[in-house]
Amino acid sequence: MSEPMKETVRYLAGLDPSTRRERLCRLLKEKGIPCRLQQDANAINLLAGDFDDSRTLPLFCAHYDVVPGSSGANDNLASVAVLIRLLERAARTCRVAFLDGEERGHTGANLFCQTMEKRRVSCLVVLDVCGYGEQETYRIRKGRFHSYFRKLTAGQPRKKYHPLSLANLPESDDGALVSMGVPVMLVSMMPASDAQSLQAAQRGFPSLGQTMEALEVVQTIHGGSLDDPDHVSEASMNHVLCHLLEGLIQ
């Protein structure tokens, strides 16, 4: 039986970048998941899964770098833990890129776009801040009617998981990855009250800046009062995992 995803977050949290990367590689190896490095002078990405397979498949991304001084638990090791579990369950139907440099100008996402063959990626799903709250939110940058995105956001999955479309989610790697030219979607979790506040901000009042500062989920990142593995929720991570899996097996 697999250990809770929260334990993966604990294992990777609060480390220097090289140790975090070494531990992530070790975890993947222990689980029998192929992993290779993709690097340049500005970033070191980890490509997990069968990247020798020539099929065109969905590709999931999560940045594994963290803001200095932060535990990184919710931003973004909870998402990393979800994608490790996804690979354990569905490695034949997807690939994963753990991206570096999201907090430094999206250097890992830029490297990925420059080197990955577009024809082998049917769509990109970016996970960011997926370890706190009960409301799944998403933003589609490109390809709103892509078949995998429709499986996640329409019909029975919509009724079961209640994903909420929000255009003004915080900045993430999806903004850089859209330059690859394939459909791109961002998925996050947050308290329902935060999602309601962001919906109101889309209508212009209060301002988006004021709203962002007041969000509860902001306290879980960048050294906030809830920035600790103890505050990461297994239920939040499992919600995202189960939703992504259902989309892959439909």
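Here, every reference points to the structure presented above.
Right, let's walk through the structure included here.

Rules behind the numbers
- Residues numbered from 1 in each chain as written.
- Predicted model: local features only at pLDDT ≥ 70, side-chain atom pairs only at ≥ 80, totals over all residues.
- Heavy atoms only, no water.
- Salt bridge = Lys/Arg side-chain N within 4 Å of Asp/Glu carboxyl O.
- Helix = DSSP H or I, 4+ residues; strand = E, 2+ residues; numbered from the N terminus.
- Phe/Tyr/Trp six-rings, centres within 6.5 Å; stacked < 30°, edge-to-face > 60°.
- Lys NZ or Arg CZ within 6 Å of the ring centre and 35° of its normal.
- Core = buried A, V, L, I, M, F, W, Y, C linked by side-chain atoms within 4.5 Å.
- Buried < 20%, exposed > 50% of the residue type's maximum accessible area, 1.4 Å probe, protein only.
- Contact = heavy atoms within 4.5 Å.
- Arc of directions from axis to C-beta.
- 1 Å grid on protein atoms, 1.4 Å probe; cavity = no way out; pocket = protein on both sides within 12 Å on 5 of 7 lines; lining within 4 Å.
- Points joined across faces, edges and corners; volume = space filled by probe spheres on them.

1. Some details on the pattern of salt bridges
For the structure on display, the rule yields 13 salt bridges. In this structure, the salt-bridge partner of R85 is E88, at a minimum N-O distance of 3.1 Å. Of the two residues, R85 and E88 both sit in helix α3 (residues 73-90), 3 residues apart, roughly one turn of that helix. It is possible to trace a salt-bridge network through shared partners that takes in E7, R10 and D230.

2. Concerning the packing of aromatic side chains
Each aromatic ring pair is characterised by the separation of its centres together with the angle its planes make. Going through the model one piece at a time under the given rule, you end up with 1 aromatic pair. With a centroid separation of 5.9 Å and 85° between ring planes, the pair formed by F60 and Y148 is classed as edge-to-face. Linking F60 in strand β3 (residues 57-63) with Y148 in helix α5 (residues 147-153), this pair joins segments that are 88 residues apart in sequence. It is R23 that lies over the ring of Y11; its NZ or CZ is 4.6 Å from the centre. Cation over ring: R95 sits above F51, and NZ or CZ is 5.9 Å from the ring centre.

3. As for the nonpolar core
Across soluble globular proteins, nonpolar side chains have a tendency to be buried as a group. Among the nonpolar cores identified, the biggest contains 47 residues, and F60, F98 and L244 are the most heavily contacted of them. For this core, the leading source of residues is α3, giving 11 residues. Leave out the neighbours within four places in its chain, and F98 touches L24, L28, N45, L46, A48, A62, Y64, V80, L83 and I84. Core analysis: the second largest hydrophobic core is formed by 31 residues, C113, M180, L215 and L226 among them.

4. Focus on helix α1 (residues 5-12)
For an α-helix the count is 3.6 residues per turn, leaving residues at separations of three or four pointing the same way. Within α1 the residues assigned to the buried category are M5, K6, T8, V9 and L12. Projected down its long axis, α1 carries its buried residues within an arc of 155°, all on one side. Among the structural elements, α2 (17-30), α3 and α10 (234-249) are those in contact with the buried residues of α1. Of the residues one or two after α1, G14 is the one with positive phi, at around 70°.

5. Points about empty space enclosed by the protein
Applying the stated criterion across every chain, the model contains 1 cavity of 30 Å³ or more. Its volume calculated, the largest cavity comes out at about 40 Å³. Taken together, E3, M5, T8, K31, A81, I84, R85 and E88 make up the full set of residues lining the largest cavity. Elements represented by at least two residues in the lining of the largest cavity include exactly α1 and α3. Looking at the lining of the largest cavity, the element that brings in the most residues is α3, giving 4 residues.

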